[in-house]
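Each chain, letter by letter, is given below.
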Amino acid sequence: MLEILPLPALKDNYIWLLKHSEREHVAIVDPSEAEPVFDYLNDNKLTPAAILITHHHWDHVGGIPALTECYTIPVITPALEEVQGSTRKAAENDSIDLQEIGCCLSVLDVPGHTAGAVAYYTDEFVFSGDTLFTAGCGRMFEGTAPQMHTSLSKFKALPDTTKIYCGHEYSESNLRFASTVEPDNTAVQTRQEQVSELRKQSRPTVPTTLALEKQTNPFLRCEEPSVIRAATEYKQAELNQPHQVFAALREWKDNF
Ligand SMILES: [Zn+2]
């Protein structure tokens, strides 16, 4: 069985460790810094098998130099991005066979937050980086709205039971926005209460499931009449395409 463990890092980042429950090897996803990883590996007598990077931002790659100085392991990075220390490029339709962990990951190209962002997934979970967040999505630093909308559609096509492991703890602020877009969405209200409880105890609100995201994440709901209505009102313009609804929501959230 596979386990996925969160290592909180920096202000609100998550480094994810992917582990087979009966083996000592782990894959490290988006090591923003090395210290929390070293500490956890030493405390639990674990050996890293690979580093997986979803995109080139410093708060996802910052730990690579120190980790690779200690361990000679593959560093898998997006094909279209420059990441120092990369030993293998990953792009859509690639398979990443992590033999030590007994897990084979597939790759999705999900540009929008950055130009070459990728996600790593199986039929049970996905590491979505800063593209799909819990109840939200990443800012478009290097992409366009149609691109980001298409990337989010790829997540939406995964099985509803897929667990989503994203790069930051943003649920509270994302749900505040979601409840502004859809004040009558009871699933959003329920989730806000659950998230608030977890955060009071400093517990992660990640992972989430795709099914819950489809009910509560406005950026995955660009075809819902209530979301279209709210986005149209914000933009004061007719929005005929889902990607236009998405663009209006993203602009709204950026100014929220
Ligand atoms: Zn980022």
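The rules behind each value
- Residues numbered from 1 in each chain as written.
- Predicted model: local features only at pLDDT ≥ 70, side-chain atom pairs only at ≥ 80, totals over all residues.
- Helix = DSSP H or I, 4+ residues; strand = E, 2+ residues; numbered from the N terminus.
- Buried ≥ 20, exposed ≤ 12 C-beta atoms within 10 Å, placed from the backbone.
- Contact = placed C-beta atoms within 7 Å.
- Pairing = 2+ DSSP bridges.
- Axes fitted to C-alpha atoms, helices over the stretch in contact; angles between N-to-C directions.
- Expected span 1.5 Å × (residues − 1).
- Arc of directions from axis to C-beta.
- Core = buried A, V, L, I, M, F, W, Y, C linked by C-beta atoms within 7 Å.
- Parallel < 35°, antiparallel > 145°, perpendicular 65-115°, else oblique.
- Left-handed = near helix turned anticlockwise from the far one by under 90°.
- Nonpolar A, V, L, I, M, F, W, Y, C, P; charged D, E, K, R; others polar.

A few points about the overall build of the protein
Within the protein, the regular secondary structure consists of nine helices and 14 strands. C-alpha atoms of the protein, sized along the principal axes, occupy 55 × 40 × 30 Å. Within the protein, the fraction of its 256 residues that count as buried is 46%. Contacts spanning at least 24 positions in sequence make up 57% of the contacts within the protein whose residues lie at least 6 apart.

A word on the sheet that holds strand 3 (residues 25-29)
What the six strands build is an open sheet, ordered 1-2-3-4-5-6; its pairing is mixed. Both outer strands of the open sheet, strand 1 (2-9) and strand 6 (88-90), are each paired with one neighbouring strand and no more. Direction aside, neighbouring strands of the sheet carry axes that sit 25° apart on average. Strand direction decides the pairing type here: strand 1 and strand 2 (residues 13-20), joined by eight bridges, are antiparallel. Looking at the pairing, Leu 7 lines up with Ile 15 of strand 2. Sitting on the sheet, helix 1 (residues 35-44) is in contact with strand 1, strand 2, strand 3 and strand 4 (47-52), with an inclination near 135° to strand 1.

Here's the deal with unusual backbone geometry
The omega torsion across Val 206 and Pro 207 is 5°, close enough to zero to call that bond cis. Position of Pro 207 among the secondary structure elements: in the loop between helix 6 (186-200) and strand 14 (208-209). One non-glycine residue, Ser 202, adopts positive backbone phi at about 55°. Looking at where Ser 202 falls in the secondary structure, it is placed in the loop between helix 6 and strand 14. Even without being a glycine, Gln 236 presents a positive backbone phi close to 55°. Mapped onto the elements, Gln 236 comes out in the loop between helix 8 (225-235) and helix 9 (242-254). Judged by the 7 C-beta atoms lying within 10 Å of it, Gln 236 is exposed.

A word on helix 6
Between its first and last C-alpha atoms helix 6 spans 21 Å; for 15 residues at 1.5 Å apiece the expected length is 21 Å, and the two agree. Buried residues of helix 6: Val 188, Arg 191 and Val 195, and no others. The buried side chains of helix 6 occupy one side of the element, clustering within an arc of 65° when seen end-on. Across helix 6 from its buried face, at more than 90 degrees, point the exposed residues Thr 186, Glu 193, Glu 197 and Lys 200.

Digging into the sheet that holds strand 14
Judged by pairing direction, the sheet is mixed, and its six strands sit side by side in the order 7-8-9-10-13-14 without closing on themselves. At either end of the open sheet lies a strand with only one pairing partner, and these are strand 7 (95-98) and strand 14. Here strand 9 (residues 118-121) pairs with strand 10 (residues 125-129) via two bridges, running antiparallel. Note on strand 10: the bridge partner recorded for Tyr 120 is Phe 127.

Looking at the pairing of strand 9
Burial along strand 9 is two-sided: Val 118 and Tyr 120 facing one way and Ala 119 and Tyr 121 facing the other are all buried. Bridge analysis of strand 8 (residues 103-109) against strand 9 gives four bridges, and the strand direction is antiparallel. Across the sheet, residue Asp 109 finds its bridge partner in strand 9, namely Val 118. Counting the residues that bridge the hairpin from strand 9 to strand 10 gives three residues.

Things to note about the nonpolar core
Ranked by size, the top nonpolar core spans 68 residues in total, and within it Ala 27, Ile 51, Leu 52 and Val 126 carry the most contacts. Residues contacting Ile 51, with those up to four places away along its chain left out, are Ile 28, Pro 31, Ile 64, Leu 67, Ile 73, Val 75 and Ile 76.

Thoughts on the environment of Ile 53
Checked against the element boundaries, Ile 53 lands in the loop between strand 4 and helix 2 (58-61). Of the residues examined, Ile 53 has 27 C-beta atoms within 10 Å and is grouped as buried. In the structure, Ile 53 is positioned 65 residues away from Val 118 in sequence and 8.1 Å away in space, judged by C-alpha atoms. The contact partners of Ile 53, leaving out residues within four places of it in the chain, are Asp 30, His 60, Val 61, Val 75, Ile 76, Thr 77, Pro 78 and Val 83.

Observations concerning the packing of helix 5 (residues 171-181) against helix 6
In a packed pair of helices, the relevant descriptors are the angle between the two axes and the axis-to-axis distance. One can describe the packing of helix 5 onto helix 6 by two numbers: an axis separation of 10 Å at closest approach and a directional angle of 160°. Regarding the angle of helix 5 to helix 6, the classification is roughly antiparallel. The handedness of the crossing between helix 5 and helix 6 is left-handed. On helix 6, the residues that touch Ser 171, Glu 172, Leu 175, Ala 178 and Ser 179 of helix 5 are Val 188, Gln 189, Arg 191, Gln 192, Val 195, Ser 196 and Arg 199. Each residue belonging to the contact of helix 5 with helix 6 can be placed in one class, and the counts come to four nonpolar, five polar and three charged.

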